[in-house]
Every structure is written in C-alpha cells, then in structure tokens.
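So the chains spell out like this:
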Amino acid sequence: MRFARRGTAAVLAAAAIFSASSASASGRTAASPDFYTPPAPLPPSENGDVIRNEPADFFLDPAKLTRAPADVQRIMYRSTDANDRPVAVTGTVLTPHVPWKGEGPRPVIGFATGTQGLGDQCAPSRQMAAGSEYEGMFISGLLLRGYGVVVTDYEGLGTPGLHTYAVRAAQGHAVLDAVRAAQRLPEADLADDGPVAVGGYSQGGGASAAAAEMQPEYAPELDLRGAYSGAPPAELGAVGEFLDGSHAVAFLGYAAVAMNEAYPELGVPDLLNDEGKRKLAEFSEECTVESIAKHAFTRTETLTKDGRPITAYLSEEPFASKIAEQRIGLTPPGAPVFVSHTTLDDIVPFEQGRQMARDWCDRGATVQFDTLVIPTHVGAAPEAAARAFGWLEGRFAGDPAPDNCGSF
C-alpha cells in the first residue's frame, strides 16, 4: 500500500507539530562545553553507572516561560552498543515536584523519544533545555502523575559518533541503562529497586519494545511492570519500503546512516553515487524538520550507483542478516505490553506493528493491542499517549494486565 502524497505546506505543518522547530533546533543550552565528551578511556564501571551529572533545565516552550514540574539532572552513563562494546550515553533524569500517591516507592519511567534527527544538536537533553522537545508535554504528563522519568539521548546523539537510529540492541540498551542510571543517581532521590516501566512512540515505540524484550536477560534486576510501544518500527524492511519516495523518506536516510555506523562492514557508502554520498553526509548533521523539508519525496533509486532503490539490497547479504537482527517481536517481553497503532499511519505501516504484537502473543506474552483509526502518524500520537497513561496507572496499581491476544 502506498499512502497519498501531500503538498509541501502540509508536510511541513505536520513536521512542525511533531518535531523541534528549526529555529530552536540549534541546541544552544547551558550544558558545560565538554559535558557530552566522554572520558577516554571510560572509567571502570557497570552498565547504567553514572559517569557524570549536572543540574539542567527542562522548558516546555521555546520562549522558556514554562518549566517542567520537576528537578532536572543531565547525566552521562555507561551503556553497550549493538556490538556489545561499552559506550557513553547522555540523557536527562526528572524528579517530579508532586508527591507519589500510590503504594510503595515512586515508579520510574524510561521514556524513549521519537525521531529527533542525527545531528548532535538534536539530542533530547539539548531540546529539553531549549524548550523545543516536541514530546515535552507527554513527558510533563508523566511527571504530573508522580512518576520519575529518565529520557535517554540514545547512542551518538550529543556524544561522539553518529546516532544508531532504529538499531534494536543499541536502543534497547540505552533505555534500560538510563533507568539504571536514574535509580543510582543520588541527586534524583529515586528508589534503587522501585517499580519501572518503559514507553515511547514511533522511534521511541521501537526502542521501548526492544527494551522490553531485552530486559529479562540484560537488566533482570529491574522491577519492570510494563512497556508501552506506540507505532513501533518493528520490521525495518517493511518500514523502508513504505518510506521510499514519501514525505518522510529522510527517516530511511537516517536508518542508512545508522546501519553504516553500527555495522561499517556493510559498506553502505560503496552502494551510493555522488548524490547519495552527499545526502548521507547531510542526514548525519540534520534534525527532523530540516531533513523533511530538504529531502521530501526523494526516491532512493536516484542515489545508488546501479539505479536500484536502497530497499532492494535489504533482502541480499550482507544486509539481510543485519536487518533481521533488528526485527522486534520474536522475543517475548519480560512484562505486560501495551501497543497502539493507527490504521491510517503514513510513516510507520500499521500491519508490521500489529504483526509485532501478534508475534508476542504467539510466544506467550501478555499484550493489549489498540487499533486506532486516526489520520496520520502525527495525529494519532496524543490519543496513543492518553491511552498509555491509563494503562500505566493500572500496572503500578497492581491491577491484572489486560490481554486481547487473538482478537486483533
């Protein structure tokens, strides 16, 4: 299925709603100049250990008139990349001003943001400090419910190297280790063994789903009560086919950059002509709005040496094996999951998100899958978040998790 092409004005309007504004995407924040540069070598530590931290800001608007209702710490913590090598990742820990009214210690939510871009200036911690994080109101909603929140920047956003966008292991590790770091940070005053959930939409939906799958083996000590995954890009081949030539083709470009960063042996640049290599370099430095505006409706067949679309390579080795490694749904999560997706998604195809949930059901997971009928990927995000808030409340209250496997 191919979604309808929309005019440039409509595309940019949607991007403005669901992305940081181009004016505030410069990432000029009060961070120490060298905060995002890790020590070399990394100090001896465990995954999730805090390498450094400092007080920071989180504004809900670019004018910086409204602060989020939380104490804020910017952190750098140890994690593991897709090749099981230690890596430093940055993020933001938020301790809400409102008390936790539930039983037991205050829960911690590992929040995974949607697509920010690949440039260091796009890092969520920078956007939050600048008041330009487009998911700021969703994060604030969690804070107002009394949850502690930690928002990872993911590997390579702000820190050296390129962001490994949509790479399953790197993203899952970054989310889980961010939760560990939040629980270990004295300044955050969060219980080191309290209840935990992870969640996110779009790229964040894939990252939270990956974290839920990996948690039993990678972070078994976490008391994971549930995971929310909205519009997850669970099968990159299907997503790539859907995006090629679309208004959001830049996200396919981001994935190409990320695969080359995580797996340089694939030789992605060797497939590209001069224009393709130029675009690859541009994607590496841009945030979402800029990329959508510059590259909308590009067909990747114009970027390769042999005139085939980039997606044509995905079923061939060495690419097929690496794409298969990114598939989400083949490992049952260690906790109940809530998945939400609209049938009218114009960026992440609905069928592959539903298949992820069905795959989990087949493997014995507890899954609630909500089918939305709301136009566009962007348009469905607020309703998906509202339903996720209600679902999370049930998990922390100890209510039985709903399960509709076999009915979707």
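## Some details on the pairing of strand β7 (residues 223-230)
Consideration 1: Most of β7 is tucked away: 6 of the 8 residues are buried.
Consideration 2: Looking at chain direction, strand β6 (residues 195-201) and β7 are connected through 7 bridges and run parallel. Of the residues in β7, the one forming a bridge with valine 196 is leucine 224.
Consideration 3: Following the backbone out of β6, through helix α5 (residues 203-218) and into the adjacent parallel β7, one traces a crossover that is right-handed.
Consideration 4: The sheet contact formed by β7 and strand β8 (residues 337-342) spans 4 bridges and is parallel. In the sheet register, serine 229 faces β8, and the bridge partner there is valine 339.

## Overview of helix α11 (residues 350-362)
Consideration 1: Compared with the 18 Å implied by 1.5 Å per residue over 13 residues, the 19 Å span of α11 between its first and last C-alpha is a close match.
Consideration 2: Within α11 the residues assigned to the buried category are Phe350, Gln352, Gly353, Arg354, Met356, Ala357, Asp359, Trp360 and Cys361.
Consideration 3: Looking at the buried positions of α11, the neighbouring elements they touch are α5, β7, α6 (236-243), β8 and β9 (367-372).
Consideration 4: Residue glycine 364 follows α11 closely and has a positive phi angle near 90 degrees.

## A look at the pairing of strand β5 (residues 148-152)
Consideration 1: Burial of β5 is extensive: 5 of the 5 residues sit out of reach of the surface.
Consideration 2: Of the two faces of β5, the one holding Gly148, Val150 and Thr152 and the one holding Val149 and Val151 are both buried throughout.
Consideration 3: Across 4 bridges, the pairing between strand β3 (residues 86-96) and β5 is antiparallel. If you follow threonine 92 over to β5, its bridge partner there is valine 151.
Consideration 4: In this sheet, β5 lies alongside strand β4 (residues 108-112) in parallel orientation, the contact comprising 4 bridges. Directly across from glycine 110, in β5, lies its bridge partner valine 150.

## Points about the side chain of threonine 300
Consideration 1: In this structure, threonine 300 sits in the loop between α9 (288-295) and α10 (319-325).
Consideration 2: We classify threonine 300 as buried; its relative accessible area is 3%.

## A few points about the packing of helix α4 (residues 168-184) against α5
Consideration 1: Following both chains from N to C, one finds α4 and α5 inclined at 75 degrees, their axes separated by 7 Å at the closest point. The orientation of α4 relative to α5 falls into the category roughly perpendicular. On the side of α4, the interface is formed by Arg168, Ala169, Gln171, Gly172, His173, Val175, Leu176, Asp177 and Arg180, while α5 contributes Gln203, Gly206, Ala207, Ala210, Ala211, Glu213, Met214, Gln215 and Tyr218.
Consideration 2: Classifying every residue of the contact of α4 with α5 gives 8 nonpolar, 6 polar and 4 charged.

## Here we look at the sheet that holds strand β2 (residues 70-80)
Consideration 1: An order of β1-β2-β3-β5-β4-β6-β7-β8-β9 is seen for the 9 strands of this open sheet, with the pairing classed as mixed. Pairing within the sheet leaves two strands with one partner each, and these edge strands are β1 (50-55) and β9. Taking each pair of neighbouring strands and ignoring which way they run, the sheet shows an average axis angle of 20 degrees.
Consideration 2: In this fold α4 packs onto β1, β2, β3, β4, β5 and β6, with an angle of close to 130 degrees to the strand it touches most, β2.
Consideration 3: Taken strand by strand, α5 contacts β2, β4, β6, β7 and β8, and its axis lies near 155 degrees from that of β7.

## Let's talk about the packing of aromatic side chains
Consideration 1: In the structure shown here, the tally under the stated rule is 11 aromatic pairs.
Consideration 2: Measuring from centroid to centroid gives 5.2 Å for tyrosine 147 and phenylalanine 396, while their planes differ by 50 degrees, and the two rings are tilted. Residue tyrosine 147 is found in the loop between α3 (136-144) and β5, and its partner phenylalanine 396 is found in helix α12 (residues 377-396); the two are separated by 249 residues along the sequence. In this pair, the class of tyrosine 147 matches that of phenylalanine 396, namely buried.
Consideration 3: Site record: aromatic cluster; members linked through ring pairs are Tyr165, Phe251, Tyr254 and Phe283.
Consideration 4: A cation over a ring is seen here: arginine 74 above phenylalanine 35, with NZ or CZ 5.9 Å from the ring centre.
Consideration 5: The ring of tyrosine 36 carries the charged tip of arginine 126 above its face, separated from the ring centre by 4.0 Å.

## Digging into the confidence of the model for the chain
Consideration 1: Of all residues in the chain, 92% attain a pLDDT of 70 or more, and the chain-wide mean is 93.
Consideration 2: Considering only residues more than four positions removed or in separate chains, one finds that residues 1-29, a stretch of pLDDT under 50, has 54 contacts.

What counts, and where the lines are drawn
- Residues numbered from 1 in each chain as written.
- Predicted model: local features only at pLDDT ≥ 70, side-chain atom pairs only at ≥ 80, totals over all residues.
- Heavy atoms only, no water.
- Buried < 20%, exposed > 50% of the residue type's maximum accessible area, 1.4 Å probe, protein only.
- Helix = DSSP H or I, 4+ residues; strand = E, 2+ residues; numbered from the N terminus.
- Pairing = 2+ DSSP bridges.
- Right-handed = clockwise from strand over helix to strand, strands pointing away.
- Expected span 1.5 Å × (residues − 1).
- Contact = heavy atoms within 4.5 Å.
- Axes fitted to C-alpha atoms, helices over the stretch in contact; angles between N-to-C directions.
- Parallel < 35°, antiparallel > 145°, perpendicular 65-115°, else oblique.
- Nonpolar A, V, L, I, M, F, W, Y, C, P; charged D, E, K, R; others polar.
- Phe/Tyr/Trp six-rings, centres within 6.5 Å; stacked < 30°, edge-to-face > 60°.
- Lys NZ or Arg CZ within 6 Å of the ring centre and 35° of its normal.
- pLDDT = per-residue confidence, 0-100.

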